[in-house]
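Descriptive structure summary
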Amino acid sequence: MEKQQKILCNKCGKELESINGILHEDGLFVTKKWGYFSAKDLEIHKFSLCEACYDQMVGEFAVPVTVEDQEEVLD
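Criteria and cut-off values
- Residues numbered from 1 in each chain as written.
- Predicted model: local features only at pLDDT ≥ 70, side-chain atom pairs only at ≥ 80, totals over all residues.
- Heavy atoms only, no water.
- Helix = DSSP H or I, 4+ residues; strand = E, 2+ residues; numbered from the N terminus.
- Contact = heavy atoms within 4.5 Å.
- Salt bridge = Lys/Arg side-chain N within 4 Å of Asp/Glu carboxyl O.
- Buried < 20%, exposed > 50% of the residue type's maximum accessible area, 1.4 Å probe, protein only.

1. Examining the environment of Lys-40
Mapping Lys-40 onto the fold places it in the loop between β3 (27-33) and β4 (44-50). Considering only alpha carbons, one finds Lys-40 and Gln-70, 30 residues apart in sequence, at a separation of 35 Å. If sequence neighbours within four positions are ignored, Lys-40 has contacts with Trp-34 and His-45.

So this is what it looks like as structure tokens:
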């Protein structure tokens, strides 16, 4: 049996809540594959943010994020 891995917010260190391996708290999960013409050629960076840290981060943006409502969840 594979051990369940904890999901931690990379900014504040909070553990996102999961019960029996099912995430019960949403967050932002980023995987960035850096390509050529960057200082990080061919590196893959991954991080997670809890909702509070996401809100704090986007609250500092010079250009606000675009927010749209969705009718239903299909995925």
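There is more to say after this.
2. Section: the pattern of salt bridges
If you walk through the whole model with that rule in mind, you get one salt bridge. Notably, a salt bridge pairs Glu-25 with Lys-14, separated by 2.4 Å at the nearest N-O pair. One end of the pair, Glu-25, is in the loop between β2 (22-23) and β3; the other, Lys-14, is in the segment before β1 (18-19), with 11 residues separating them in the sequence. Take Lys-14: its relative accessible area is 35%, and that puts it in the partly exposed class.

Bear in mind that shape data such as this cannot, by itself, settle questions of function.
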